[in-house]
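Given next are the chains, with one letter for each unit.
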Amino acid sequence: FKGRFRHLEKALTETAQSVKTCYRILEVGTGTGVKAVPIIRFLLDTGIPHISYIGFDLFSDANKNLPSSNDVRNWIISKTKSSSQRVDIQLVAGDSRETLDKCSSGLSGLNLAFLNGSMDPATIRQDWQNLALKVAPDGILVLDWFFRDSSFGCRSLVEDMAAGDAAPSPGSRYSLEVSAEADSVFEGSDEVRLVIAYASPSLVPTLQLAAPVAGSK
């Protein structure tokens, strides 16, 4: 992992320790699979016997300018093959505001939910509402696109989560960490950080800046 995504290593290691059979991942914003592959590889290295990944994006099924879900799935499989561990890859094409809701009945007990798609605050909030109660008690929900400017990205949602004001609540309380590492995604753009939300219905919501990852610049 590089940049802000280095902050994922500790969280993934901690969640993997509690998984004995299948580690369940859901990503909104799979794109070409470039984030999915290192996450799956990292978890395979922890010795988990079975990883189930389900990714949501538009793909060429909904936007002809994007790669097809079949091509992306085949590429992820080719990069995460294991002779002794099982990796299941499922991709769902379409607008996440619709597809997450349609698939919601089969999404409980997630060890990792990763919102890595739209930068639109309203879309991010709706995706959160569809997933907040689907994360396992010892799982994590990761939000990308945390900027200083709350007019885009996840900042407004994260601030509401920290205040305990983000629906659905109660039962969706998270302790929140903002990565110390930041990246410039676009030339001249605001710095972007990663937020890791640790799920626990008993937690008092908090928001804090994490310590830098060793070796990070």
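This is a predicted model, so every value here is computed, not measured.

1. What about unusual backbone geometry?
Reasoning step 1: Despite not being glycine, F59 has its phi angle at roughly 55 degrees, a positive value.
Reasoning step 2: Here F59 shows up in helix 3 (residues 59-62).
Reasoning step 3: According to the relative accessible area criterion, F59 is buried, its value standing at 1%.
Reasoning step 4: Not every positive phi belongs to a glycine, and W145 is a case in point at roughly 70 degrees.
Reasoning step 5: Its location among the elements puts W145 in strand 5 (residues 135-146).

2. Things to note about the packing of helix 5 (residues 96-103) against helix 6 (residues 121-131)
Reasoning step 1: Relative to each other, helix 5 and helix 6 sit at 5 degrees, their axes nearing to 10 Å. Regarding the angle of helix 5 to helix 6, the classification is roughly parallel. Contacts from S96, R97, L100 and D101 of helix 5 reach helix 6 at T123, Q126, D127, N130 and L131.
Reasoning step 2: Tallied by class, the residues present in the contact of helix 5 with helix 6 amount to 2 nonpolar, 4 polar and 3 charged.

3. Section: the confidence of the model for the chain
Reasoning step 1: In the predicted model, the chain carries a mean pLDDT of 88, and the fraction of residues at 70 or more is 88%.
Reasoning step 2: The element-level mean pLDDT for the chain is lowest in strand 9 (residues 206-209), coming to 60, with strand 1 (residues 22-28) highest at 98.

4. Here we look at the nonpolar core
The nonpolar side chains of soluble globular proteins are, as a tendency, buried together.
Reasoning step 1: Ranked by size, the top nonpolar core spans 30 residues in total, and within it L26, W128, L131, L141, L143 and M161 carry the most contacts.
Reasoning step 2: If you list the elements that add at least two residues to this core, you get strand 1, strand 2 (50-57), strand 4 (110-115), helix 6, strand 5, helix 7 (155-163), strand 6 (174-178) and strand 8 (191-199).
Reasoning step 3: Every residue in contact with L131, bar those within four places of it in the chain, is listed here: L26, V28, L100, L107, L110, A113 and L115.
Reasoning step 4: Formed by 29 residues, the second largest nonpolar core is a distinct cluster that contains A36, I40, F59 and Y198.

5. Focus: the environment of L91
Reasoning step 1: Within the secondary structure, L91 sits in strand 3 (residues 86-93).
Reasoning step 2: The sequence separation of L91 and V72 amounts to 19 residues, and the corresponding C-alpha distance is 8.5 Å.
Reasoning step 3: In this view, L91 contacts T30, Y53, G55, F59, S69, V72 and R73; residues no more than four positions away in its chain are not counted.

6. Considerations on the pairing of strand 8
Every other side chain in a regular strand lies on the same face of the sheet, so the side chains alternate between the two faces.
Reasoning step 1: With 7 of 9 residues buried, strand 8 is to be regarded as a mostly interior element.
Reasoning step 2: For strand 5 and strand 8, the ladder comprises 5 bridges, and the chain directions are antiparallel. Looking at the pairing, L141 lines up with A197 of strand 8.
Reasoning step 3: Bridging between strand 7 (residues 183-184) and strand 8 involves 2 bridges; their strand directions are antiparallel. Of the residues in strand 8, the one forming a bridge with S184 is E191.

Quick notes on the rules
- Residues numbered from 1 in each chain as written.
- Predicted model: local features only at pLDDT ≥ 70, side-chain atom pairs only at ≥ 80, totals over all residues.
- Heavy atoms only, no water.
- Helix = DSSP H or I, 4+ residues; strand = E, 2+ residues; numbered from the N terminus.
- Buried < 20%, exposed > 50% of the residue type's maximum accessible area, 1.4 Å probe, protein only.
- Axes fitted to C-alpha atoms, helices over the stretch in contact; angles between N-to-C directions.
- Parallel < 35°, antiparallel > 145°, perpendicular 65-115°, else oblique.
- Contact = heavy atoms within 4.5 Å.
- Nonpolar A, V, L, I, M, F, W, Y, C, P; charged D, E, K, R; others polar.
- pLDDT = per-residue confidence, 0-100.
- Core = buried A, V, L, I, M, F, W, Y, C linked by side-chain atoms within 4.5 Å.
- Pairing = 2+ DSSP bridges.

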